[in-house]
Amino acid sequence: VNRRRGPGTTFAIAGALRQNTTVAVIAQAYDAAGSRWWQLDDFTWVSAPLVIANGRCEAVPLRTNN
């Protein structure tokens, strides 16, 4: 899964998240189409539908200024 510089496919690719990798999520945001994105602890973003999220996802802070 591509890591992006911001929450959306219009942002530059910043690397990849390999299968079976566990990372911490620090925020969430929605792109213009309404798709959810997770911000990782290295400040890159991944598309939420492409990963498996565990834990209390409703407690992850929502970022509205991307």
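Whatever comes next refers back to the structure up there.
Fair warning: this is a prediction, and the values are worked out from it, not measured in the lab.

(A) Seen up close, unusual backbone geometry. Here Asn 20, not a glycine, exhibits a phi torsion of approximately 65 degrees, which is positive. Assignment of secondary structure puts Asn 20 in the loop between β2 (13-16) and β3 (25-30). Judged by relative accessible area, which is 75%, Asn 20 ranks as exposed. At Phe 43, a position not held by glycine, the phi torsion is positive, near 75 degrees. Along the chain, Phe 43 falls in the loop between β4 (36-40) and β5 (45-47).

(B) Spatial organisation of the pattern of salt bridges. Inspection of every chain in the model, using the stated rule, returns 2 salt bridges. Residue Asp 42 pairs with Arg 3 through a salt bridge whose shortest N-O separation is 2.4 Å. You can see Asp 42 sitting in the loop between β4 and β5 and its partner Arg 3 sitting in strand β1 (residues 2-4), a full 39 residues away along the chain. Using a relative accessible area of 13% as the deciding quantity, one classes Arg 3 as buried.

(C) Region of the structure containing the nonpolar core. Counting 7 residues, the largest nonpolar core is built from Leu 17, Trp 38, Leu 40, Val 46, Ala 48, Cys 57 and Val 60. Not counting chain neighbours up to four residues away, the residues in contact with Cys 57 comprise Gln 28 and Trp 38.

(D) Fine view of the environment of Val 25. Assignment of secondary structure puts Val 25 in strand β3. Exposure remark for Val 25: the relative accessible area of 34% places this residue in the partly exposed category. Val 25 sits 25 residues away from Leu 50 along the chain, and the two C-alpha atoms are 14 Å apart. Every residue in contact with Val 25, bar those within four places of it in the chain, is listed here: Trp 38, Gln 39, Leu 40 and Val 60.

Conventions we followed
Residues numbered from 1 in each chain as written. Predicted model: local features only at pLDDT ≥ 70, side-chain atom pairs only at ≥ 80, totals over all residues. Heavy atoms only, no water. Helix = DSSP H or I, 4+ residues; strand = E, 2+ residues; numbered from the N terminus. Buried < 20%, exposed > 50% of the residue type's maximum accessible area, 1.4 Å probe, protein only. Salt bridge = Lys/Arg side-chain N within 4 Å of Asp/Glu carboxyl O. Core = buried A, V, L, I, M, F, W, Y, C linked by side-chain atoms within 4.5 Å. Contact = heavy atoms within 4.5 Å.

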